[in-house]
Amino acid sequence: MPAPGAAPTDFAPPISFDPAPPGGGPSCLLPPRPSPCALVIFGASGDLAARMILPAVHALHRHGALPQGLAVLGAARTPWGDEDFRAHMRRALEAAGGMDGPAWEALAPRVFYQPLDYADPAGFAALAARLDALDAGAGTEGNRLFYLATPPTVYAEAARGLGAAGLAREARGFSRLVVEKPFGRDLDSARALDVALHEHFAEHQVFRIDHYLAKETVQNILLLRFANAIFEPLWNRRYVASVTCAAMETLGVGHRAGYYERSGVLRDMFQNHMMQLLALVAMEPPPAFDAEAVRDEKAKVYRALRPFDPARLADDLVLGQYGPGTPGGAPVPGYRREPGVAPDSATPTFAAMRLWVDNWRWQGVPFHLLSGKRLREKLTRIVVRFREVPHSLFRHILGEDIGANRLILDIHPGNAVSLTMQAKLPGARLCLQPATMRFDFDAARAPARALDAYEKVLLDCMLGDQTLFWRQDAVEQCWGFLTPVLERCEACGAQGSPAELHGYAAGSWGPAAGLEMVQELF
Ligand code: BG6
């Protein structure tokens with residue numbers, strides 16, 4: 001295998017990207033402004049709000065993407081007033097970078113706070129009264145977006161509290177509920193959560209976020225496939241040898257052990273982000289680019305997943321857990337020494353999985369999913385590896401080993417699509433060398449700016465567009481696929497024999513067995 005990260009020879013392709021929309025149409029960066037609304041952030045004093053949601057609100061405001069009649073209402077147990085929350089938001093924006101003083105001065109008067117105990121009906125009644133007052137004072141026109149940036153244990157209680165206070169009703173404007181993963185921790189709990197959410201909210205009101213879907217290159221998969229005629233004829237078992245989707249991270253578990261110990265990489269990354277990447281590569285063209293049509297096609301992919309064969313668990317699933325290491329020269333502890341992690345924890349922080357989509361298009365083509373923490377580089381990538389040439393004319397030069405073409409979609413770092421191919425090296429002798437034709441969307445788009453994933457999902461929630469959000473049937477199908485795998489892995493761990501858990505050094509590429517499964521990744 002070539003050294004990970006080593007790029008074959010690149011040559012500059014004579015292609016460019018025309019940033020102007022065809023016919024000089026409307027801006028590609030921003031949709032029309034959403035209707036006035038109150039954005040209510042539950043868990044407003046927490047980590048997710050500080051790192052992701054508040055910076056996204058500020059960035060959207062800077063770009064003029066938010067409605068004129070906007071109120072941002074933080075809600076949490078912390079006993080703050082409006083000014084405390086504004087000071088907190090200001091600190092969060094400074095910490096996140098990109099703070100724009102004048103923009104913040106204009107936004108701050110639209111930021112409010114309401115202390116709320118999620119178990120207290122009186123608290124929700126007070127919230128309802130506050131929202132009514134904001135309709136009059138801030139012009140939010142009865143539209144409400146409730147963002148549950150709380151621990152998942154609070155979701156059902158918060159949804160019930162909202163419903164009991166009449167806040168799920170769409171009498172005067174919309175009422176939408178935004179839920180972050182995890183959507184349950186197995187099939188049964190996912191169903192139970194859904195029942196709780198639907199006591200008061202209808203499916204069209206529930207927005208289940210997967211921030212991977214809002215990444216530019218991830219969105220681009222469907223456009224690449226279905227807005228170009230050249231890929232689809234090749235996009236099947238006849239020409240594709242394998243598909244790999246990888247999300248490798250350099251970060252460790254950080255301060256999230258309380259959550260991660262109960263989740264592990266399969267619940268944290270596979271049940272959601274990795275399954276979405278798989279579906280975008282594997283799905284059939286939808287009849288229209290709308291939420292239901294796109295999500296119907298994804299659901300069909302999940303329905304076609306071959307149930308995991310327990311007898312092949314050791315061959316088709318590699319689990320790992322990071323040990324100590326020195327990524328970038330600085331020593332870091334192993335997972336079991338991270339704060340809040342049990343010293344004998346069997347929670348996997350790495351997984352590589354081989355799975356199969358049993359339908360006409362993909363029969364016999366392995367799909368590999370890989371994700372892990374504390375790996376050498378942050379790399380999020382999809383590789384479609386095509387079949388090798390059926391007969392080699394160049395056997396005398398290269399032997400039988402002519403590298404297959406690969407289409408690589410880089411999601412991080414960069415935002416690029418590359419095609420690897422064989423090319424002739426200049427010279428009198430016939431020498432072949434792998435070459436990569438790479439198109440970098442970010443470089444070509446400069447100086448225009450893409451929306452960050454959380455900016456995009458917030459805007460879509462305000463606009464009521466569910467295309468990039470999970471639908472419950474797909475959530476259940478994915479849990480239906482993964483739950484037996486989890487149960488089997490956890491049975492091993494519970495018996496105190498995490499035999500299938502491979503150790504790997506922090507800062508490495510993960511267990512060798514995992515990398516063997518995904519050789520086409522680099
Ligand atoms: C989150 C997971 O959903 O995605 C985290 O909970 C993970 O554990 C993160 O680090 C990765 O997202 P990204 O966008 O950095 O690849």
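Anything mentioned here points back to the structure above.
In short, a report on the structure.

Procedures and definitions
- Residues numbered from 1 in each chain as written.
- Predicted model: local features only at pLDDT ≥ 70, side-chain atom pairs only at ≥ 80, totals over all residues.
- Heavy atoms only, no water.
- Phe/Tyr/Trp six-rings, centres within 6.5 Å; stacked < 30°, edge-to-face > 60°.
- Helix = DSSP H or I, 4+ residues; strand = E, 2+ residues; numbered from the N terminus.
- Buried < 20%, exposed > 50% of the residue type's maximum accessible area, 1.4 Å probe, protein only.
- Lys NZ or Arg CZ within 6 Å of the ring centre and 35° of its normal.
- Core = buried A, V, L, I, M, F, W, Y, C linked by side-chain atoms within 4.5 Å.
- Contact = heavy atoms within 4.5 Å.
- Near = heavy atom within 4 Å.
- Polar contact = N/O pair within 3.5 Å; in protein donor to acceptor, adjacent residues only side chain to side chain.
- Areas by Shrake-Rupley, 256 points an atom, 1.4 Å probe, with all protein chains shown as cover.
- Nonpolar A, V, L, I, M, F, W, Y, C, P; charged D, E, K, R; others polar.
- Pairing = 2+ DSSP bridges.
- Axes fitted to C-alpha atoms, helices over the stretch in contact; angles between N-to-C directions.

This part covers the packing of aromatic side chains. A complete count under the given rule lists 17 aromatic pairs for this structure. Residues Tyr-260 and Tyr-335 carry aromatic rings whose centres are separated by 6.1 Å and whose planes lie at 65° to one another, so their mutual orientation is edge-to-face. Taken together, the positions of Tyr-260 in helix α8 (residues 257-282) and Tyr-335 in the loop between β9 (317-323) and β10 (350-356) put the pair 75 residues apart, joining distant regions of the chain. Relative to Phe-441, the ring of Phe-439 lies with its centre 4.9 Å away and its plane at 70°, an arrangement referred to as edge-to-face. Its relative accessible area of 14% is what places Phe-439 among the buried residues. Classification of Phe-441 by relative accessible area gives buried; the value is 11%. Grouped by ring-pair contacts, the aromatic residues Tyr-260, Tyr-322, Tyr-335, Phe-350 and Tyr-504 constitute a single cluster. It is Arg-86 that lies over the ring of Phe-112; its NZ or CZ is 5.6 Å from the centre. Directly above the ring of Tyr-212 sits Lys-215, whose terminal nitrogen or CZ lies 4.6 Å from the centroid.

This part covers the nonpolar core. Residues Phe-42, Tyr-147, Phe-270, Met-275, Met-353 and Phe-367 are the most contacted members of the largest nonpolar core, which totals 164 residues. Ranked by residues supplied to this core, first place goes to α8 with 14 residues. Ignoring any residue separated from it by four or fewer positions in sequence, one finds Met-353 in contact with Leu-266, Phe-270, Phe-308, Asp-316, Leu-317, Phe-367, His-368, Leu-369, Phe-481, Leu-482, Val-485 and Met-517.

Okay, the site of the ligand next. Near the ligand you find Lys-181, His-211, Tyr-212, Lys-215, Glu-249, Arg-256, Asp-268, Met-269, His-273, Lys-373 and Lys-378, and these make up its full shell. His-273 places a side-chain nitrogen or oxygen 2.6 Å from an oxygen atom of the ligand. Lys-373 is positioned such that a nitrogen or oxygen atom in its side chain is 2.8 Å from an oxygen atom of the ligand. Here the ligand loses 81% of its free accessible area of 390 Å² to cover by the protein chains. Its residues assigned to classes, the shell around the ligand shows 2 nonpolar, 2 polar and 7 charged.

In sheet architecture, strand pairing relies on hydrogen bonds along the backbone and comes in two forms, parallel and antiparallel. Spatial strand order, β4-β3-β2-β5-β6-β7: 6 strands in an open sheet with parallel pairing. A strand with exactly one partner marks an edge of an open sheet, and here the two such strands are β4 (111-115) and β7 (206-209). Strand-to-strand twist in this sheet, taken as the mean axis angle between neighbours without regard to direction, amounts to 20°. In terms of strand pairing, strand β3 (residues 70-76) meets β4 through 5 bridges, oriented parallel. Within the sheet, the bridge partner assigned to Val-72 lies in β4 and is Val-111.

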